[in-house]
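# Fold and contact review
The lines below spell out each chain.
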Amino acid sequence: MLTMSKFRYEKPGDLKRAFRYLSDSTSPKILAGGTDLIVQMKRDLVQCDLVLDIKGLTSLTQIQETDNGELRVGAAVTLTQLERWVKDHPEWSPLASSIFGIGSQQIRNRATVLGNICRASPAGDMAPLLMTFDASVAVSSPQGNRIMALDEFVIGPGQIAATKDEIVTSLHIPALPSHTGAVYIKHGIRSAMEVAIVGVAVRIGIDKKTSRVTEARLAIGAVTAMPIRVPRAEEQILNSGDAFPDLDVVSTLVLEMAKPIDDFRSSAVYRRDMIDVCVRRAVTQTWEQLRGGK
Amino acid sequence: MNNASSPFHVVGKGVPRVDSIEKVTGQASYLEDLLRPRLLHGAILRSRIPHGRILNIDTSRATRVPGVRSILTAKDFPKTFVGFQMSQANKPPLAGSKVRYIGDEIAAVAAESGEAAREACTLIDVDFDPLPAFFSVDDALAEGAVLIHEDKPDNLSGVVHKDFGNVEDGFDASHLVVENTFQTTSVVHCCMETRGALAEFDSRGRLILWSTTQFPHVLQEIMSRVLMMPLGMIRIIKATIGGGFGSRQSMDSVDTVSVYLAKSTGRPVRLVKSRTEEFISDRTRYPMSITLKTGISREGKLIARYVNILTDNGAYNDQGLAVTTSAGSKLTGLYKVPNVRIDAKVVFTNKVWGGAFRGYGNPQITFAVESQMDDIADRLGMDRLELRLLNVNRVGDITVAGSKFHTCGFVDCLEQSASKAGWHKKIKKQGRPQGTKRYGIGMASVFHTGGGGISPHGGNFSSAFIKVQGDGTVDLLTGVPDVGQGSDTVLAQIAAEELGVRIEDMRVHAGDTGITPATLGVRGSRETFVAGNAVKLAARSARKKLLERAVTMLKTDVDALDCGDGFICVKMSPKYRISIAEVAGKPQFDGIASAFPMGVPIVGSACYTDPVSGFSDSATGYGNICPAWTYGAQVVEVEVDMETGRVKVLRVVAAHDVGKAINPKSVEGQIEGSVMQGIGMALTERLVWDDNGRVMNDQFAEYKLPLMPDTPEIISIIVEPGDPHGPFGAKGIGEAAIVPTAAAVANAIHDATGIRFSELPMTPEKVLREINLNGGNT
Amino acid sequence: MKTIKLKINKEEYDISVEQNWTLLYVLREKLSLTGTKCGCEMGDCGACTVIMNGEAVNSCLVLAMEADGGCIETIEGMAHNDQLAPLQSAFVEHGAIQCGFCTPGMIMTSKALLDENPHPNSETIRYGLSGNICRCTGYTKIIEAVKAVAEME
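Residues numbered from 1 in each chain as written. Chains lettered and ligands numbered in written order. Predicted model: local features only at pLDDT ≥ 70, side-chain atom pairs only at ≥ 80, totals over all residues.

## Quick look at the overall build of chain C
Helix and strand content of chain C: 6 helices and 5 strands. Here the C-alpha atoms of chain C give a radius of gyration of 15 Å, agreeing with the 15 Å that 2.2 N^0.38 yields for 153 residues. Expressed as lengths along the three principal axes of its C-alpha atoms, the size of chain C is roughly 45 × 30 × 25 Å. Looking at chain C residue by residue over its 153 residues, the buried ones come to 64%. (Helix = DSSP H or I, 4+ residues; strand = E, 2+ residues; numbered from the N terminus. Rg over C-alpha atoms; globule rule 2.2 N^0.38 Å. Buried ≥ 20, exposed ≤ 12 C-beta atoms within 10 Å, placed from the backbone.)

Written out as structure tokens, the structure is:
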């Protein structure tokens, strides 16, 4: 059986102790679900002297809705935990479309929402949809907390705007207005266990009375260095009023922003074709959600 | 005593597998579960360059790792090779002067822990003089290409030429001649258990080698020659094996290396490949480029076939020549065709070396043949099923290569699979657009061995011992390793039927050269037929002794007796009976059953050699080289997403001629498993290399095996025309069901989209590219 | 080395572990509970699945230290007093076992699935077991076996 290089493991019960462990080590790694970190350590892609298990920090294991309806997901909350919570809180059901396609049941039982974001894989499945939800991330250090929007937080492939002495503590998602539909569509080869070749997230809000589009968000994943929103495409959807958006135009605007690459999973050409397909399907499905009487 | 509708008590019933309790409780011991006192762990250092001379190996840093007990390089081995056919093998256990692919074994370490062994490997320094490397057959064959093996000019591992009839005359006489080229790629067995070995020398210097091998007795012979030790000093014991599919037919460096690590340390050494190692260094299916030219009469009768095959052998020899020869030879028996010529080249490349993989070249050639048959039917304006039925093989036929069919279920397989799938109704749905999805239905046939046949290791044989205990239970000793295909159970059923005991009374001991009598090994779907016959004969000889004893107890003649369900009874009055336990263990003292009543244990033994197979002319290859040919047909229904190119297999109807199903549930299981492997080969599975010859998808995350949500509905139809030589009429099914699946899927995709794919796998990207080239989603 | 406490199949263990060991390593190499298999070590195949604190997890991706204080169910704990659990009997009867290497992982994932949802439909079973690879059976009889248990009671 493969073994990992030696490291020290700590599971602090409070943030103060956690920060001390971090500052005492030269190359610490945060351990939440481990489904990425442990694989990387086994493949010798990551070396660290300290593995800091954050599952002992009870404040990070919670899902909470604040008084103004903002959703706060602690850094140690697993995908399964969030999936279950969403089932009981159907107004958040679009989140399920991101969670469902990640790994397997066993993976989702361990992998965390924030772990997926902090991994900052260009093909990560949580970030695109959360970007359309205007989500932000809270990062804690001994000096205090700071909150960053996702596009400020994820700064490159595998890179986040947090230092080695900081701990990402929670994900904040503002309350979704009523009459909002959203979906994340991921394209892969098989029905499960896939790294996205293309990911598209769409969120559309309409006015209750007039059915005119009041809000539009669109983000793409796996086709740029980081997941990004596409403001021009969003504008196009916004300006469609109460009519179904012109998918040809929306798709073209998205393709202008995408920079898909050739790799062993897919060629850039195929990715471009799939961006078009996923954009159309995502917008259509979101539209159908809204028409379905949300 | 009997069920009136079946003459058999045990045979023909889907009894639970005899090893299922151990497996379902986690008790079964696979290789990595085995523990020996003072066990050391082995690890192998593998090449990171695809081709180069080894200038120097420095192990000094590695020896200093605490816990390291032995480090070996090529100089610690005799001049010996690893593989299947020793006359062709050219893979040394550890690289001598050269490495020839990324993954090639260079050095081996035994240490107190796997961690230490692997760490030591990383500290072994190797100096290379890199050489140009070739990753395609064309590059390796190009003029002036550096030789991968200095003694193999033109980088040729071998050539094949076979001529039956007269293809020139045949093509001249043809109304229509079609020629197409097809391409298949490297597909990996992906046994869930990775390969391993545990070697130990006892205090007398005798070797015990626990192995995942499909060929314990052949491995024993090879080890005897490698170690220059007598056969009796070598014992090969199979552990519970987690899959084979042909990969475990050949030896691997792991076997020889673990033995020498054990020898050099004087301690048992266990060496198990990691999954990554399994992907980059274990056998694969041989990729083939197949150019097939076929001549047909106006009415649709096949007249001539010419095939030219280029096989990518990989870096070392295993069974490339045999697999290629076998592939070509299938042309002579998949439908009736009077003129066949086969030309082939087997070419070295600097990639992982191929080996036997379920179907043994037949899936590749059948992809070509059956894709082309659909094309031929369309050109002639014939229904695709009708064309096949027109050319179907039948009982009594002798093919142009000399294959004979004592029984033949081909027609039944074609008709029943088509009928069950609703072929005639559904074929009219072709191409009718349904939104962004198109429905298609396709079929393909298979002609394959169901009883092994001519082999490079001598006769197609097996032997068996039977011991009847005093309580009427039975020990069956067979050399056949159950690799998951269910041989233990089938052989137990055959023995039980012949002896008249219940399946619960059977115990199977298999694959231990110190105890079980020799069998050739698991290949060519042979064990039900060959080992089954051996077991039946052994059981019969034990049964004879039981009956002779029962005669005195029941006071009647042997001919008047019948056995079944654990009893021996008088045929005319079944109530007048005695239990086999009583006969076998007639108490001597105190009413306790004896293990050897009357002082004589009841045993049976037999050796069976296939009486059928042989070359009439070994120069041309003419002859009936298999004792029990089988046929089959599969009908596949697909849905193609015209926007993404993703193909969903909806349903597979698979009809296979198995002679007689000893265990119908097991037959279904073999069909279902094979079909899923065929779907993987058709749609998603392939190894991907970068420009430097490194495998990029060396994990399950990126090597795309079908997963449970991808499973279609699979309907198995068991066709039973019997067989005059098979035990209870049975023939094998271990491989046949993987053979036609990729072709059937390709034909269904063609039916749905009008696009003919000649290259596997038909990934969504490739499908979409062709859809777009052919006018898109119109 | 650190000492951790594990409750495995209702039995308590105190074990000395290195901090870089996985739960899979501890189960197999230190406790000789070899029913749980090592298939890929990367969480891709499910052969190492155990139930930890009520959830199916890939034990190859759980550090032993993380499992400290936890409650683990492995394949060895499924049968009671020589009586197979219904899932195990169903696998045997339906022919869902060929080489058997994937079987412990399949059973544990199925158990966790059924513990939470006693009557899943076919689609739920297929996706619920999407993280368990089988190369021998083609999945069909495994689905049938789990379905049979799902339809009980």
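## Focus on the overall build of chain B
Counting its secondary structure elements, chain B contains 19 helices and 26 strands. Judged by the C-alpha coordinates and their principal axes, chain B covers about 85 × 70 × 50 Å. Within chain B, buried positions represent 63% of all 778 residues. Expressed as a percentage of contacts within chain B between residues at least 6 apart in sequence, the contacts between residues at least 24 apart total 79%. (Contact = placed C-beta atoms within 7 Å.)

## A few points about the nonpolar core
What tends to happen in soluble globular proteins is that the nonpolar side chains get buried as a cluster. Residues and elements named next belong to chain B. In terms of nonpolar packing, the biggest core is built from 393 residues, with V109, L476, A495, V745 and I749 touching the most fellow members. Here the element with the most residues in this core is helix α15 (residues 527-554); it accounts for 12 residues. Residue contacts for L476: discarding those within four places in its chain leaves A464, I466, L491, A492, A495, M506, R507, V508, H509 and V535. (Core = buried A, V, L, I, M, F, W, Y, C linked by C-beta atoms within 7 Å.)

## A few points about the sheet that holds strand β21 (residues 567-570) of chain B
In a beta sheet, neighbouring strands pair by backbone hydrogen bonds and run either parallel or antiparallel. Residues and elements named next belong to chain B. The strand order β20-β21-β22 describes an open sheet built from 3 strands, whose pairing is antiparallel. A strand with exactly one partner marks an edge of an open sheet, and here the two such strands are β20 (561-564) and β22 (577-579). With direction set aside, neighbouring strand axes in the sheet form an average angle of 20 degrees. Seen against the sheet, α15 touches β20, β21 and β22 and runs at an angle of roughly 55 degrees to β21. (Pairing = 2+ DSSP bridges. Axes fitted to C-alpha atoms, helices over the stretch in contact; angles between N-to-C directions.)

## Focus on the interface of chain C and chain B
Chain C puts 41 residues into the contact, and the matching count from chain B is 43 residues. Among the elements of the structure, α3 (86-93), α4 (103-116), α5 (122-128) and α6 (140-150) of chain C are those that each provide at least two residues to the side of chain C that touches chain B. At 4 residues, the largest contribution of residues to the side of chain C that touches chain B is made by α3(C). Classifying every residue of the side of chain C that touches chain B by side-chain character gives 22 nonpolar, 12 polar and 7 charged. (Nonpolar A, V, L, I, M, F, W, Y, C, P; charged D, E, K, R; others polar.)

## Quick word on the packing of α3(C) against α6(C)
Residue and element names in this part refer to chain C. Two numbers describe how α3 lies on α6: the axes approach to 8 Å, and their chain directions differ by 135 degrees. Looking at the two axes, α3 sits oblique to α6. Once α3 is placed against α6, the crossing between them reads as right-handed. Taken together, the residues of α6 that come into contact with α3 (itself represented by P86, L87, A90 and F91) are A145, A148 and V149. Counted by class, the contact of α3 with α6 contains 7 nonpolar, no polar and no charged residues. (Parallel < 35°, antiparallel > 145°, perpendicular 65-115°, else oblique. Left-handed = near helix turned anticlockwise from the far one by under 90°.)

## Considerations on the packing of helix α10 (residues 247-257) of chain A against helix α11 (residues 268-291) of chain A
Residue and element names in this part refer to chain A. Remark: α10 packs on α11, axes separated minimally by 9 Å, with the N-to-C direction vectors making an angle of 135 degrees. When the interaxial angle is binned, α10 and α11 end up oblique. When the axes of α10 and α11 are compared, the crossing they make is right-handed. Contacts between α10 and α11 involve L247, V250, S251, V254 and L255 from the former and R272, I275, D276, V279, R280 and V283 from the latter. For the contact of α10 with α11, the residue count by class is 7 nonpolar, 1 polar and 3 charged.

## A few points about the sheet that holds strand β10 (residues 167-173) of chain A
Residues and elements named next belong to chain A. Overall, antiparallel pairing links the 5 strands, which are arranged β4-β5-β10-β6-β7 in an open sheet. Edge positions in the sheet fall to β4 (63-65) and β7 (144-149), since each of these pairs with one other strand and no more. Between one strand axis and the next, the sheet turns through 25 degrees on average, direction left out of account.

## As for the interface of chain A and chain C
Put simply, an interface is often sized by how much accessible area is lost when its parts join up. At the interface, 25 residues of chain A touch 24 residues of chain C. Those elements giving two or more residues to the side of chain A that touches chain C turn out to be β1 (8-10), α2 (37-42) and α5 (105-108) of chain A. For the side of chain A that touches chain C, the per-class residue count stands at 10 nonpolar, 10 polar and 5 charged.

## Quick look at unusual backbone geometry
Residue and element names in this part refer to chain B. The omega torsion across L760 and P761 is -10 degrees, close enough to zero to call that bond cis. With respect to the helices and strands, P761 occurs in the loop between α18 (741-753) and α19 (764-773). Positive phi values are uncommon outside glycine, yet D154 reaches one of about 60 degrees. Looking at where D154 falls in the secondary structure, it is placed in the loop between α4 (137-141) and β7 (156-164). Residue class for D154 comes out partly exposed when judged on the 14 C-beta atoms lying within 10 Å of it. The backbone of Y360 sits at a positive phi, close to 55 degrees, despite the residue not being glycine. Inspection of the secondary structure assignment puts Y360 in the loop between β15 (339-348) and α10 (362-380).

## Some points on the pairing of β15(B)
Residue and element names in this part refer to chain B. A large share of β15 lies buried, amounting to 9 of its 10 residues. By the bridge criterion, 8 bridges tie β7 to β15 in an arrangement that is antiparallel. The partner of L156 across the bridge, within β15, is V347. In this structure, strand β14 (residues 302-314) lies alongside β15, joined through 10 bridges in parallel fashion. Along β15, the bridge assignment pairs R305 with V340. What joins β14 to β15 is helix α9 (residues 320-329), and the crossover it makes is right-handed. (Right-handed = clockwise from strand over helix to strand, strands pointing away.)

## Overview of the domain arrangement of chain B
Residue and element names in this part refer to chain B. Here chain B is described as being made up of domain 1 (20-27 + 461-609), domain 2 (34-131 + 192-243 + 247-281) and domain 3 (359-451 + 625-773). Each of domain 1 and domain 3 was reduced to a C-alpha centroid, and the two centroids are 38 Å apart. When residues in the side of domain 1 that touches domain 3 are grouped by element, the largest group, 7 residues, is from α15. Grouping the constituent residues of the side of domain 1 that touches domain 3 by class yields 4 nonpolar, 9 polar and 4 charged. (Domains from an automatic or database assignment.)

## So, helix α3 (residues 79-88) of chain A
Among the residues making up α3(A), those that are buried are A:L79, A:T80, A:Q81 and A:L82. Residues of α3(A) that are buried in the fold lie against β4, β5 (71-74), α4 (95-99), α5 and α6 (113-119) of chain A together with β4 (55-58) of chain C.

## Considerations on the domain arrangement of chain C
All names here are of chain C. As assigned here, chain C comprises domain 1 (2-77) and domain 2 (86-150). For domain 1 versus domain 2, the distance between C-alpha centres works out to 21 Å. If you look at the interface, domain 1 gives 14 residues, while domain 2 gives 12 residues. Looking at the side of domain 1 that touches domain 2, the elements with two or more residues in it are β3 (49-52) and β4. Here the element with the most residues in the side of domain 1 that touches domain 2 is β3; it accounts for 3 residues. Of the residues contributing to the side of domain 1 that touches domain 2, the split by class is 7 nonpolar, 4 polar and 3 charged.

## A word on the environment of A:L37
Residues and elements named next belong to chain A. Note on placement: L37 falls in helix α2. Given 22 C-beta atoms within a 10 Å radius, L37 is considered buried. Once residues within four sequence positions are removed from consideration, L37 is found in contact with K29, L31 and V46.

## Observations regarding the environment of B:C563
Residue and element names in this part refer to chain B. With respect to the secondary-structure elements, C563 resides in strand β20. Of the residues examined, C563 has 23 C-beta atoms within 10 Å and is grouped as buried. Taking the C-alpha atoms as reference points, C563 and E498, separated by 65 residues in sequence, lie 8.1 Å from one another. In this view, C563 contacts L499, G500, R543 and I568; residues no more than four positions away in its chain are not counted.

## Description of the confidence of the model for chain C
When pLDDT is averaged along chain C, the result is 97; 99% of the residues meet or exceed 70. Note on the complex model: pTM 0.97, ipTM 0.98. (pLDDT = per-residue confidence, 0-100.)

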